[in-house]
Amino acid sequence: GGSNKEAYMQACWRTPRPFYFADMPYTNRWMGEHTAETCHWRIVKDALNITHNRWNLPQDRAKKQGLVCKDWQTKGRHILVCPSSDTMTRLCTPGGMTARNWAENTVSDLRDVTDRPIKVRYKPRANGTSGPMAATIPLSEDLKDCHAIVTLVSSAAVEAVMLGIPSFCSTYSAAVPVSNCDFNSIETPHYDDKRDSWLNSIAYSQFTKEEMR
């Protein structure tokens, strides 16, 4: 914890020793209708996120967690860029960029290949917390009329894909199995038809406190 957290993460990720990474879940966070007992936490072996579909998984956990995907939205106008935290950005970028560096570079790259409006949504922070609980504007609001979301490893991409918004992300992202990694293709998003099996993988990577016990 504290100032040592990032060093521990670097040490685990950059060495061949097995490790388990636990962090905020992809869905069903501790907020709103989810209490400390009903919310989920993600646990991933040897990675920051589950980055591949495990095709043989059943749908039981996805159904229990209420995970469903809406139809793909193909008429959106703007692009939503969602930087991750500084910690995650430093871990997942060459040279260890800050979130602002990554956002500025990404917007610049997108300007070269599209004339769509671009919105940048930095990770909300307030009152000692971050993410949805600190947001004054829900992510779902910024995703209205959205052509595509662009992230590094932010779980905002998971929510976007579930809402039917195409995703562009890095290979370290949990959304990568149903996303495109080439920002040059921003005008021709990938509308993956395997989202149900992807949701099964997501559901089998996050657990309640009782399940962890």
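Here, the structure is the one placed above.
Residues numbered from 1 in each chain as written. Predicted model: local features only at pLDDT ≥ 70, side-chain atom pairs only at ≥ 80, totals over all residues. Heavy atoms only, no water.

Student: How do you make sense of the sheet that holds strand E3 (residues 78-82) when you look at a structure like this?
Tutor: Adjacent strands of a sheet form backbone hydrogen bonds with each other and so pair up, either parallel or antiparallel. Pairing in this open sheet of four strands is parallel, and the strands run E4-E3-E7-E8 from one edge to the other. Each end of this open sheet is capped by a strand with a single partner; those strands are strand E4 (118-120) and strand E8 (167-168). The sheet contact formed by strand E7 (residues 146-151) and E8 spans two bridges and is parallel. Considered in E8, the bridge of Val150 is made with Phe168. Sheet contacts for helix H4 (residues 99-111): E3, E4 and E7; angle to E3, the most-contacted strand, approximately 155°. (Pairing = 2+ DSSP bridges. Helix = DSSP H or I, 4+ residues; strand = E, 2+ residues; numbered from the N terminus. Contact = heavy atoms within 4.5 Å. Axes fitted to C-alpha atoms, helices over the stretch in contact; angles between N-to-C directions.)

Student: Got a minute to help me understand the layout of surface pockets in this structure?
Tutor: One way to see where empty space is left: roll a probe the size of a water molecule over the atoms. Volume-wise, the second largest pocket comes out at about 180 Å³. For the second largest pocket, the lining is made up of 13 residues, of which Trp102, Thr106, Asp109, Leu152 and Phe183 are closest to its centre. Counting residues per element, the lining of the second largest pocket draws most heavily on H4, which supplies four residues. (1 Å grid on protein atoms, 1.4 Å probe; cavity = no way out; pocket = protein on both sides within 12 Å on 5 of 7 lines; lining within 4 Å. Points joined across faces, edges and corners; volume = space filled by probe spheres on them.)

Student: Whenever I open this one, the side chain of His78 confuses me. Can you help?
Tutor: Relative to the helices and strands, His78 resides in strand E3. Since its relative accessible area comes to 5%, His78 is described here as buried. A polar contact of 2.8 Å, which involves the side chain of His78, links it to the backbone oxygen of Asp142. Dropping the residues within four chain positions of it, His78 is found in contact with Pro117, Lys119, Asp142, Lys144, Asp145, Cys146, His147 and Ala148. (Buried < 20%, exposed > 50% of the residue type's maximum accessible area, 1.4 Å probe, protein only. Polar contact = N/O pair within 3.5 Å; in protein donor to acceptor, adjacent residues only side chain to side chain.)

Student: Is there a simple way to explain the environment of Asp112 in this structure?
Tutor: Considering the arrangement of structural elements, one finds Asp112 in the loop between H4 and E4. Residue classification places Asp112 among the exposed positions, given a relative accessible area of 65%. Once the C-alpha coordinates of Asp112 and Ala156 are considered, the two residues, 44 residues apart in sequence, prove to be 24 Å apart.

Student: Sorry if this is basic, but what is going on with the pairing of E7 here?
Tutor: Look at any regular strand and the pattern is simple: side chains alternate between the two faces of the sheet. A large share of E7 lies buried, amounting to six of its six residues. Here E3 runs beside E7; their pairing, made up of five bridges, is parallel. If you follow Cys82 over to E7, its bridge partner there is Thr151. Crossover E7 to E8 through helix H6 (residues 156-162) is right-handed. (Right-handed = clockwise from strand over helix to strand, strands pointing away.)

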